[in-house]
Amino acid sequence: MAMQSSYSDASASSVDASEVAKFSKLSEEWWDPRGKMAPLHKINPLRLTYIRDAACRKFDRNVRSLNCLSGLRMLDIGCGAGLLCEPFTRLGAQVIGIDPSATNIAAAKLHADKGHLSIDYRCTTVEEMDVRERFDIVLAMEVIEHVVDVGAFLDRCASMLKPGGLMVVSTLNRNWKSFALGIVAAEYVLRWLPRGTHQWDKFVTPDELAHHLSRNKLEITEQSGVVYNPLGDRWTLSSDMDVNYMVVAEEV
Amino acid sequence: MTETPVSTSIYDVAVVGGGPAGLAAALALAETGARTALVARRVPYGDNRTTALLGGSVAFLESLDVWRRCADKAAALTTMRLVDDTGRLIRAPEVKFVCSEIGLETFGYNIENRELMIALEARAAELTNLIRIDDEADTVSPDEMQVQVRTRQGKVLVARLIVGADGRQSLCREAAGISVKRRALEQTALTFNIAHSRPHKNMSTEFHTPAGPCVFVPLPGNRSSVVWVNKPRDAESLMALSDEALSDAAEKQSHSILGRVQVEPGRHTFPLAIEQPAQLAKNRIVLVGEAAHVVPPIGAQGLNLGLRDAGDIADVVRDAGMNGADIGAAPVLARFEQIRRSDISSRTFAIDMANRSLLSDLLPMQVIRAAGMQAMGSIGPLRRLAMREGLSPSWRKS
């Protein structure tokens, strides 16, 4: 989805009043379920429950509990304005959201403050993070199709997992169908995403993903396709992994 | 990151009001895992009203681990009898509802509210994520992301969602900006309990008088609770009678079906009214119990509705909360409104109609009423439908 690339960057450190107003507007846009980010809002509940359920299975939590992720340290890479960070914080997780876009981080902080949610947002990249930081759960949702070197990126992600930790990755497959649906349809026909959001040759096949993960002693324990049903206007899990898909990886 | 003062506590949900509906809501919400505050003075229940727990109410109390604590204080209701005592030209025949006719062992159980309260309080004390604030709410101030409650003694707490269980003069309802439509009914209910010489055989009897219903509902042993609806003036005269004189009056009204009647200490009057708020939820505040509906004491619907409010708000909060959603946000409130609205309106309408049909001096109304009762008395399927619907709405899942 690459929402993080759709806004220009600004310096996070020195923020003046007009900047605050801009971030506030951006924050509202991000969080408006019928606004510019509507496609992300549509797919968000599905991603959220998939990650939550996988985490509850892995860490033996009751999925019906209102704080099922309490005490778990979670890293959301490419967090945008915090559409996943906020619900996972409410579920008890200690969430660190990182995004290379300073405007996204400013918008995320603003929204979390308004809701009195304590979330550690940082304008940074995994490569720049302290190599000693460790997490129970690392999320890389719709980011690997944008990084320069997928292998190096996943190596870095894997190194940040605590022993027994969990990684969830979602991305786009690379084949003729994903080209047709992921780029032609999403960017040109439906205009869900700005043109140029995705480069098809950067898409990653499940086999390539599995290969990178296994090098880091991580095994894919669950995988699912994510398909859009135009009749119900909703996203559902599917065995069809040709376009969008998610995987859960754990230590072998 | 939070900007609230250090002395303030943040809760997922705060229940304001500690009557039976509020306590049940607090228990059900705490059971979901939500960090729950109950803002209510811990005082003994003030009157001697009883509740006929019908339909899913007992199952709900079982799920809260409350029922086993008070089951021995409740009397089973296996037969409900309606008797036309209007003395009018066209009178309805007697109708008897027997629970075995719809395959039930009992319609429900009648229990004194104070006994139910003791059981609810006992369970509340056991839940570690239910924090009791033994004080009254003084101000309730909702904003976009949370609601602040300040108590009489100046304690401040903040919650994402407020459950207003604070009765007819609901502060929460006012704070939410919800208007209420109130219709006084020129009737007053007198409530008291009696001991009697003959057994009730687990049968409640409702005498329909021109001034309103007079109901005798079984309590354990040779005891019953009485709700006697009258013109306000007549209710006050009964209220002023000596125990002996009221015992005689009650025996006369009961046509001595329970034998000799002896009233127990304590009696109360309640002016009848129908109250319907314009909304059940607004501005991070949802209403339960009498804050959400005031109905005349006919057909034992009031607190049964209140317990369904309590169960439903807990379900709605759990469904939203387990997805990490903000449990006080607009979609949660809309869902609660949608679930509760039809149950509450349909009950209120049915009770209002039943009551109006009693009071009517119009001959056509008497005919319709008599015909309706005749039909229910003689047509099995219709009677059984009336019984089932009286217990809980047919469209409910449980």
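Look a little higher up for the structure.
These notes cover the structure that comes with them. No experiment lies behind these values; they were computed from the predicted model shown.

What counts, and where the lines are drawn
- Residues numbered from 1 in each chain as written.
- Chains lettered and ligands numbered in written order.
- Predicted model: local features only at pLDDT ≥ 70, side-chain atom pairs only at ≥ 80, totals over all residues.
- Heavy atoms only, no water.
- Buried < 20%, exposed > 50% of the residue type's maximum accessible area, 1.4 Å probe, protein only.
- Helix = DSSP H or I, 4+ residues; strand = E, 2+ residues; numbered from the N terminus.
- Pairing = 2+ DSSP bridges.
- Axes fitted to C-alpha atoms, helices over the stretch in contact; angles between N-to-C directions.
- Parallel < 35°, antiparallel > 145°, perpendicular 65-115°, else oblique.
- Left-handed = near helix turned anticlockwise from the far one by under 90°.
- Contact = heavy atoms within 4.5 Å.
- Buried area = accessible area lost by both parts, 1.4 Å probe.
- Salt bridge = Lys/Arg side-chain N within 4 Å of Asp/Glu carboxyl O.
- Polar contact = N/O pair within 3.5 Å; in protein donor to acceptor, adjacent residues only side chain to side chain.

### Quick notes on the pairing of strand S3 (residues 50-54) of chain B
Residues and elements named next belong to chain B.
- With five of its five residues buried, S3 lies for the most part within the structure.
- A two-sided burial pattern is seen for S3, the buried positions comprising Thr50, Ala52 and Leu54 on one face and Thr51 and Leu53 on the other.
- When S3 meets strand S7 (residues 108-112), the two strands line up antiparallel, connected through five bridges. Paired with Leu54 across the two strands is Gly108, which belongs to S7.

### A closer look at the packing of helix H5 (residues 150-159) of chain A against helix H7 (residues 206-215) of chain A
All names here are of chain A.
- As a packed pair, H5 and H7 sit with axes 9 Å apart at the nearest point and diverge in direction by 45 degrees. Judged on the interaxial angle alone, H7 and H5 are oblique. Crossing angle aside, the handedness with which H5 passes H7 is right-handed. Residues Val150, Gly151, Leu154 and Asp155 of H5 pack against Leu209, His212, Leu213 and Arg215 of H7.

### Remarks on the interface of chain A and chain B
- At the junction of the two partners, chain A supplies 18 residues and chain B supplies 19 residues.
- Carbon and sulfur atoms supply 55% of the area that chain A and chain B bury against each other, a total of about 1,700 Å² over both sides.
- By the criterion of area lost to chain B, the three top residues of chain A are Arg64, Leu66 and His116 of chain A, representing 42% of everything that side buries.
- Summed over the shared surface of chain A and chain B, the number is one salt bridge.
- Notably, a salt bridge pairs Glu144 of chain B with Lys114 of chain A, separated by 3.3 Å at the nearest N-O pair.
- Here chain A and chain B share six residue pairs in polar contact (both at pLDDT 80 or more) between them.

### So, unusual backbone geometry
Residues and elements named next belong to chain B.
- The phi torsion at Asn202 lies on the positive side, around 55 degrees, for a residue other than glycine.
- Of note, Asn202 is situated in the loop between strand S12 (180-196) and strand S13 (203-209).
- Residues other than glycine seldom take positive phi values, yet Ser256 does so here, at roughly 60 degrees.
- Tracing the chain through its elements places Ser256 in the loop between helix H6 (243-253) and strand S16 (261-277).
- Look at Ser256 and you get partly exposed, because its relative accessible area is 30%.

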